[in-house]
Every structure is written in C-alpha cells, then in structure tokens.
Amino acid sequence: MLDKVRVAKAVIEEQGLATEIEIDGGINVETAPLAGAAGVDILVAGSAIFHARDPLEAARSIRAAAWPSGSR
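Bear in mind that the values here come from a model prediction, so they are computed numbers and not experimental data. (Residues numbered from 1 in each chain as written. Predicted model: local features only at pLDDT ≥ 70, side-chain atom pairs only at ≥ 80, totals over all residues. Heavy atoms only, no water.)

A. Just the overall build of the chain, in detail. Across its full length, the chain holds 4 helices and 2 strands. Along the chain, from the amino end to the carboxyl end, the secondary structure elements read α-β-α-β-α-α. For the chain, the spread of C-alpha atoms along the three principal axes comes to 45 × 25 × 15 Å. Put simply, the chain has 72 residues, and 29% of those count as buried. Put simply, 41% of the contacts in the chain that link residues at least 6 apart link residues at least 24 apart. Working note: accessible area of the chain is about 4,900 Å², and carbon and sulfur atoms make up 55% of it. (Helix = DSSP H or I, 4+ residues; strand = E, 2+ residues; numbered from the N terminus. Buried < 20%, exposed > 50% of the residue type's maximum accessible area, 1.4 Å probe, protein only. Contact = heavy atoms within 4.5 Å. Areas by Shrake-Rupley, 256 points an atom, 1.4 Å probe, with all protein chains shown as cover.)

By themselves, these observations are geometric and do not establish any function.
Right, here's the structure in full:
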C-alpha cells in the first residue's frame, strides 16, 4: 500500500493538486513513521488509540512517530 501512496503523492505534487492522502487500518507507533515517510497526510488509528491505557498519549505518540518534525 505504501508504494501506492508514494506514487499518488508524486502525482499530487507534480500536478500541484490540493489533495490529501488518508490511510486507515493498522496504524500504530510502528507503522505511522512508514506512512508518514511515504507521504500520508492523515492517519486513522482505532485500536491503537482506543485500546491504549492512555488514549490521548497514544494518539500523540502516533502523530509524533509519523511526523517527527511536528509538520502536522
């Protein structure tokens, strides 16, 4: 899936489109950096947040893992 994201991101940038890429499913602190590096703009995480002891901290950790520079 991430190869498709990279291709889509390249097309979006080449054509100057105002489009964001969202990914849903299997997002957690391990997969978020891969998605962020591939060019994903929006992450949808369910189980990794709602099954966490501290859902707010889980969401913050996923976001920081995906975009360490804080660009999102």
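From this point, things continue past the structure.
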